[in-house]
Amino acid sequence: METKRIVFVGVGGQGNLLTSRLLGEALLSAGVPAVVSEIHGMAQRGGIVESAVLLGDVSSPIVSNGEADVLVGFEPAETLRTLARCNEGSVVIANTRPLPPFTVSIGQGKYPPVDEILDLIRKRVKKLISFDGNALAEEVGNPLSLNMVMLGALIGSATIPVSAEQMKAVISSSTKKAFLDSNIKAFDLGMKKAL
Amino acid sequence: MHKLLKDAPGSHFLLLGNEAIARGALEAGLAFATCYPGTPSSEIPEQFQNISRETDLYFEYSVNEKVAMEVAAGAATAGLRTMVTMKHVGLNVAADPLMTLSYVGVKGGMVIVNADDPSLFSSQNEQDNRYYARLSGLPMLEPSNTQEMKDFTVAAFDLSEKLEIPVIIRTTTRINHIRGDVAFGALRPRKTKDVFKKNPFRYVTVPAVSRNLHKILLEKFDKALALSNESPFNSITGSGKFGIVTNGVSYNYVLDAVKDLHIEDKVSILRLGFSWPMPRELCKTFMKKVEKVLVVEELEPIVENDLKAIAQEVGLSLKIQGKGVAGLSRLFEYDPGMVRQAVAAYLGIDYKAPVPVDLSAAPQLPGRPPNLCAGCPHRATYYSVKQAFGKDAIHPTDIGCYTLGLLPPISMADFLICMGSSVSSACGFSRATDQKVAAFIGDSTFFHSGITGLINAVHNNHKFTLVILDNGTTAMTGHQPHPGVDAKAMGLDGTRVSIEEIVRACGVKDIHLVKPFKVAKTIEAAKAARDYDGLSVIISQEYCPLFAKAIGERKKSRPFQVNHSKCKNHRDCINLIACPAMYLDGEQVEINKDLCIGCSVCAQICPENAILPLKE
């Protein structure tokens, strides 16, 4: 089986670790060998959170620079910061809504224009799929469903061997009832952005 | 039912590495577990805590790692199957019991899980604790994936009982925090009580006893060596002339490198899973069949040096290399690309690594360091202490969320080496300088190793201020309880130990209890503590807001907002407090009402009284 290396990056609180875990569950249930890696510890304190899913005939749990097939970025500046994981053949799925770090507020750096970030990414990789994921999450009435939007877009990009149905089955079995409906809607909206 | 309790042999689950270790322990009939939490080991005891609520498994968060090791040693000596977990630097704290427990040995299987942290994701150093196996004479197992984390744990208990000594499972952050497929095995029954049979000539380590016990430990070591030579966890695969020796997470990188480079027929791999005692016979067999050896091991060149010694013993002069080959360093963790490069360089294969995208034209990105949360009481305490002590005071600090006080604009962390070092190093700083000293320590860290330093400070008449940041929980590692927590609020059994009473009982005369969200009073207390001619202690009490929310104790407070008709843009709020709920909208400070928890500290320091509760 072909090996795929997917990197997820976001900011603490955006739910990126849940996304990689759910993808891992879906791959396992689809019979695809997969390993997920996470960095814990600082996630609740506004830091950068990165996780990875590697699937197929692969043992390593992490992705070296230049080796990501897909980068899923929950926040534009962090997507750019992590772009070194990609090569010219990579697919990047990027949320365009910025979440400026606190350092910007106290004058220790400037947040570059999002268009500039996206233009650069577009020029460097094979394909950029970008959209305002937070707007979609707000549209379904659940601002915390950004991670489902991003997961939907990843499945929609058809870069990995998991179907929307398989993914939704895992989401359904791991989501509290109160959020299930909005999570599935968010997933669908994200998926449409990538089709 | 907890998912790790499922009696479902053969079923597959996606488990976190740490969950796999917990499952392995349960399959081995674990009856008794202790720990002090520490990243990346903390999710193991988290499972045990939950499981202990629905089974007869005994679990405790001990006060520190030494205590955890000794509590577990007692239970294991009585005959129970016991596990103790900690991070690598925790084993330093527990090294004292470890070194003689190895002499005494155990009756029930005892497994010590030690989690190393190459690359220092959340630690103060990246020491290589494989040395502890060598130092203590205890066997060490090093799993490489989630399935092995479970299987090796089961085997470790059996090995421990067979040899009657504790067995160390050594992991690294990357192994603890992977998720992968685990096929469950059968759950063995737990034995939760036994009878201790007295035997002072084994258990009481006076010199005459220990002289004999050391001999016994060496005999056990020889038995362990024989088992290591035969262990399925140590294996030779392939029949090529180029040897690669590897362990732990690096084994995965080697497997992938060999596959990616299509050199399966050129290499032989010796994988060390039962890594101490080093399987010397297997190593000899391996080195005799290859022409040269590359050692792929993170951190110290331990296997590399051992192999060189073994080769010398059997008169082999083959080349053995590890550190220094194409980027393989003693620093930080390895990654798949790095190992692929090293293997290619070692075999002389022409290999071109994938080229990362060119980011030379990328705009400069603002940093995103982790930050104290919005409404974190530590920020408020730091602000008030700074008002009293100014910028020239020395601030020894300690290990916890509050270490983030290092970052501007707080910038109140001057010295940190280990848990508890704030108090004791303050003794030294205050004697060696004429500068004011205000040290910071968290509540859990105070219990862990701050109390002895405080007694030392009282006894030796040191003059400084200790600020105990009591947020009611062990916040950094995920809100574990400690002796000072309100156990009832957490739904736990446990007797609350009062920090104030301890401080008083240690002999401290000048004690200030403050609520850090009351800024003026806290500053006043800090000034009094500063001016006290002796040792003063400030206990700053306010729940961690994340913890308060989790246990339903957070009071509803209205978020605050900036009234722009009053604001004169001094920006004291954003420049001095730096709460992440604040941001600049153009030139004006705004407060994100979704992040603000209404602590009101910014409102209290605004010179124009321009920060007010949001009107409903």
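Residues numbered from 1 in each chain as written. Chains lettered and ligands numbered in written order. Predicted model: local features only at pLDDT ≥ 70, side-chain atom pairs only at ≥ 80, totals over all residues. Heavy atoms only, no water.

Draft legend 1. Spatial organisation of unusual backbone geometry. Residue and element names in this part refer to chain B. Along the chain, Trp 276 connects to Pro 277 via a cis peptide bond; the corresponding omega equals 0°. One can find Pro 277 in the loop between β12 (274–276) and α12 (280–289). Of the consecutive residues Pro 408 and Pro 409, the connecting peptide bond is found in the cis state with omega at 5°. Counting through the fold element by element, Pro 409 comes out in the loop between α15 (377–389) and α16 (421–432). Residue Leu 299 is not a glycine yet carries a positive backbone phi of 65°. Mapped onto the secondary structure, Leu 299 falls in the loop between β13 (292–296) and α13 (302–313). Exposure remark for Leu 299: the relative accessible area of 1% places this residue in the buried category. You will see that Ala 326, though not glycine, has its phi angle at about 35°, which is positive. Within the element layout of this structure, Ala 326 appears in the loop between β14 (319–321) and α14 (336–347). Judged by relative accessible area, Ala 326 falls into the partly exposed class, the value being 38%. (Helix = DSSP H or I, 4+ residues; strand = E, 2+ residues; numbered from the N terminus. Buried < 20%, exposed > 50% of the residue type's maximum accessible area, 1.4 Å probe, protein only.)

Draft legend 2. Spotlight on the side chain of B:Glu304. Residue and element names in this part refer to chain B. Mapping Glu 304 onto the fold places it in helix α13. A polar contact is formed between the side chain of Glu 304 and the side chain of Lys 308, at a distance of 3.0 Å. Ignoring any residue separated from it by four or fewer positions in sequence, one finds Glu 304 in contact with Val 295, Glu 297, Ile 320, Gln 321, Gly 322 and Lys 323. (Polar contact = N/O pair within 3.5 Å; in protein donor to acceptor, adjacent residues only side chain to side chain. Contact = heavy atoms within 4.5 Å.)

Draft legend 3. Representation of the side chain of B:Asp398 in the model. Residues and elements named next belong to chain B. Residue position: Asp 398 is located in the loop between α15 and α16. As a buried residue without a salt bridge, Asp 398 has its nearest oppositely charged side chain in Lys 87, at a separation of 12 Å. Only 2.8 Å separates the side chain of Asp 398 from the backbone nitrogen of Gly 420, close enough to count as a polar contact. With sequence-adjacent residues up to four places away left out, Asp 398 is seen in contact with Thr 403, Leu 416, Cys 418, Met 419, Gly 420, Ser 421, Ser 422, Phe 440, Ile 441 and Thr 445. (Lys, Arg positive; Asp, Glu negative; His and termini not counted. Salt bridge = Lys/Arg side-chain N within 4 Å of Asp/Glu carboxyl O.)

Draft legend 4. Layout of the interface of chain A and chain B. Contacts between the two partners involve 58 residues from chain A and, on the opposite side, 60 residues from chain B. Of the charged contacts, one joins A:Arg5 and B:Asp260 as a salt bridge, the two residues approaching to 3.9 Å between their closest N and O atoms. At the boundary of chain A with chain B, the tally comes to 17 residue pairs in polar contact (both at pLDDT 80 or more). With 5 residues, the single largest contributor to the side of chain A that touches chain B is strand β2 (residues 34–38) of chain A. Across the side of chain A that touches chain B, the residue classes break down as 26 nonpolar, 18 polar and 14 charged. (Nonpolar A, V, L, I, M, F, W, Y, C, P; charged D, E, K, R; others polar.)

Draft legend 5. The nonpolar core, seen in detail. All names here are of chain B. With 128 residues, the main nonpolar core has Phe 48, Met 69, Met 83, Met 287, Val 293 and Leu 307 as its most contacted residues. Among the elements that take part in this core, helix α7 (residues 146–163) stands out by supplying 7 residues, more than any other. Viewed by domain, this core spans two of them, domain 1 (3–229) and domain 2 (232–347), each represented by three or more residues. Those residues in contact with Leu 307 that lie beyond four places of it in its chain are Val 245, Met 278, Cys 283, Met 287, Val 293, Val 295 and Ile 320. Counting residues in each nonpolar core, the second largest holds 51 residues, with Ala 393, Ala 439, Val 467 and Val 537 among its members. (Core = buried A, V, L, I, M, F, W, Y, C linked by side-chain atoms within 4.5 Å. Domains from an automatic or database assignment.)

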